[in-house]
Structures are given as C-alpha cells and as structure tokens.
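Inside the fold
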Amino acid sequence: MTIVTNATPGNLSQPLALLTHGLSFRWSEHETPIKFPDIQLPAGEHLFLQGASGSGKSTLLGLLAGMSRPTGGQLSVLGTELASLSRRKRDRFRADHQGVIFQQFNLVPYLSALDNVLLPCRLSSHRARRATPTPLQQAETLLQALDVPGSHWRKSVNHLSVGQQQRVAAARALIGSPPLILADEPTSALDADNRDRFIELLLAQCQHSETSVIFVSHDRSLASHFHHHISLTSRQEEAA
C-alpha cells in the first residue's frame, strides 16, 4: 500500500480523529489478512481513501464504522478503542459520533426528505442535543445549504432525483454535528459537474463544523479536494 499526502501533514500534537497501527482484517482463518497502512488523521482534517475494486477500502471503512472488528492492530476512533467494544456498543458509538453516507444512500423510502435527515436525532440523544438551535432548524439549514429546494423537503425521497437523494443523505450524516463523517463511494452515480459540486458542498459544511471526513472512492481525480490521500493496492498484490 502506498500513502500519498497532497498537503502538508497536520500538527499531530492536536487531537486525532483516527489512529491506526498495524491494523489487519481477514474474513476467515483460511484467508490471508488484509493489512492496512498506519494512519494519523488530526481532528477536523479530511482524508481521501482511494483504491480499485478489491483493494480493501470498503473493508477498512467498515472497521472504522465499527461494523466489523479488526483481526489485529490498533484502531482508535475519536479517542475510543473500537476493538474493545461489544457489537452493541460499537453500534451506539456510530449512532452518536459518526455520520455515514452510503454508496446507495440507504434513505428510508416512505419518509420525506426532512424526516430522513431528522432520523439520526431520533435514534441518538447525543445527536439531538448537538443539533442547534433545534434538530428541525438544523435539518432545514443543512438542506438549504446543500441545495435541496424547499418545495422538496416534505416529498417522499422516492420522488427526488439521484443528486437530490445524495444531498439528503449528506444532510442526514451531518445533522447533530458528528465529529467524523464516513463516505463510501457517494458520488459514483453522478456526472463530473454534479460530483465536484457535491464534494465542495459537503466539505464546506464539514469545515464549518470542524468535522473530520474519510471519503472512499475508486476515482483518484477527486484527491485534490482533500487534505490527505491514501492509495490502497489490490488484495492480490498485497498477498503476493
């Protein structure tokens, strides 16, 4: 694996959003473990994680989200050792402290755009308390900032365009100002102009709230938007 940083590294004396060391994972005892690079991401900074299909980037994101537990190594997210937590506690940590933007968005189809954005505040009292001045007002502010027309806020998300659904998913991840956003290939369905516009809107909102971002994509041309860039090799090359 190759690590490339496209900006001067941050001051690592500041708090870290992410710290990994010797991190590895394997799906079964018969497989060769995937070994990941050591990462130190200062709080408030943005990391672009690039790799082709099969390079392990989505697996790494799953570890950072607490959806899987590492086979070995250190994994500290926002100062919490995730590997030491039970599955239930990892799920609670994610709900309280992380916003996740999925590749397929994972919006609730029978809810309106506004209700989808408010959902994390209904599932997490921590997110609800941080949504200022109120969850509803922050949801409306985010939808407006992300260019979702007000006439669409109370429509079912099934009636929105792909680009609008994507921005609703971003607003849902951002509500309650979680200190870490994890984004898994969220621009794969967009053309170049809408893709770049979305990234600019997302990062502007994260900059405003001093939120760290880990953004996964196969498209290396997006790296210039981010403070740091990590490129993963394929699992086959890694095992060789």
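Residues numbered from 1 in each chain as written. Predicted model: local features only at pLDDT ≥ 70, side-chain atom pairs only at ≥ 80, totals over all residues. Heavy atoms only, no water.

**Focus: the side chain of Ser 231**
Summarising the element assignment, Ser 231 is placed in strand 11 (residues 228–232). For Ser 231, a relative accessible area of 14% corresponds to the buried category. In terms of polar contacts, Ser 231 uses its side chain to reach the side chain of Gln 50, at 3.0 Å. (Helix = DSSP H or I, 4+ residues; strand = E, 2+ residues; numbered from the N terminus. Buried < 20%, exposed > 50% of the residue type's maximum accessible area, 1.4 Å probe, protein only. Polar contact = N/O pair within 3.5 Å; in protein donor to acceptor, adjacent residues only side chain to side chain.)

**Regarding the environment of Glu 185**
The residue Glu 185 is located in the loop between strand 9 (180–184) and helix 7 (192–209) in this model. Distance from Glu 185 to His 218, taken between C-alpha atoms, is 7.6 Å for residues 33 residues apart in sequence. Setting aside its immediate chain neighbours within four residues, Glu 185 contacts Lys 57, Gln 103, Val 216, Ser 217 and His 218. Polar side-chain contacts of Glu 185 include one of 3.1 Å to the backbone nitrogen of His 218. (Contact = heavy atoms within 4.5 Å.)

**Describing the side chain of Gln 166**
Within the secondary structure layout, Gln 166 lies in helix 6 (residues 162–174). Once you skip the residues sitting within four places of it in the chain, Gln 166 turns out to touch Phe 105, Pro 186, Thr 187, Leu 190 and Phe 198.

**A closer look at helix 1 (residues 57–64)**
Counted residue by residue, helix 1 has seven buried out of eight residues, so it is predominantly covered. Among the residues of helix 1, those classed as buried are Lys 57, Thr 59, Leu 60, Leu 61, Gly 62, Leu 63 and Leu 64. Following helix 1 by one or two positions, Gly 66 has its phi on the positive side, about 80°.

**A short note on unusual backbone geometry**
Here the amide bond leading from Thr 132 into Pro 133 is cis, since omega sits at 0°, within 30 degrees of zero. One non-glycine residue, Glu 185, lies in the positive phi region at around 50°. A relative accessible area of 7% places Glu 185 in the buried class.

**What to know about the packing of helix 6 against helix 7**
Contact pair helix 6 / helix 7: the axes reach a minimum separation of 11 Å and the direction vectors enclose 15°. One finds that helix 6 runs roughly parallel with respect to helix 7. Remark: the crossing between helix 6 and helix 7 carries right-handed chirality. Counted together, Gln 166, Arg 167, Ala 170 and Leu 174 of helix 6 and Phe 198, Leu 201, Leu 202, Gln 205 and Cys 206 of helix 7 form the full contact between these two elements. The residue makeup of the contact of helix 6 with helix 7, split by class, is six nonpolar, two polar and one charged. (Axes fitted to C-alpha atoms, helices over the stretch in contact; angles between N-to-C directions. Parallel < 35°, antiparallel > 145°, perpendicular 65-115°, else oblique. Left-handed = near helix turned anticlockwise from the far one by under 90°. Nonpolar A, V, L, I, M, F, W, Y, C, P; charged D, E, K, R; others polar.)

**A short note on the packing of aromatic side chains**
Applying the stated criterion across every chain yields a total of four aromatic pairs. An angle of 25° between the planes, with centres 5.4 Å apart, marks the rings of Phe 48 and Phe 226 as stacked. With Phe 48 in strand 5 (residues 46–51) and Phe 226 in the loop between strand 10 (212–217) and strand 11, this residue pair connects regions lying 178 residues apart in the sequence. Like Phe 48, the residue Phe 226 is buried in the burial classification. On the numbers, 5.1 Å between centres and 45° between planes, the contact of Phe 215 with Phe 226 is tilted. In this pair, Phe 215 is assigned in strand 10 and Phe 226 in the loop between strand 10 and strand 11, connecting sequence segments eleven residues apart. In terms of burial, Phe 215 and Phe 226 fall into one category: buried. Within the aromatic cluster, the residues linked to one another by ring pairs are Phe 48, Phe 215 and Phe 226. (Phe/Tyr/Trp six-rings, centres within 6.5 Å; stacked < 30°, edge-to-face > 60°.)

**Here's the deal with the packing of helix 3 (residues 113–123) against helix 6**
Between helix 3 and helix 6, the least distance of the axes is 7 Å, while the angle of their chain directions is 30°. Overall, the two elements helix 3 and helix 6 adopt an arrangement that is roughly parallel. For the pair helix 3 and helix 6, the sense of crossing is right-handed. Residue-level contacts link Ala 113, Asn 116, Val 117 and Pro 120 of helix 3 to Val 168, Ala 171 and Arg 172 of helix 6. Taken together, the residues of the contact of helix 3 with helix 6 sort by class into five nonpolar, one polar and one charged.

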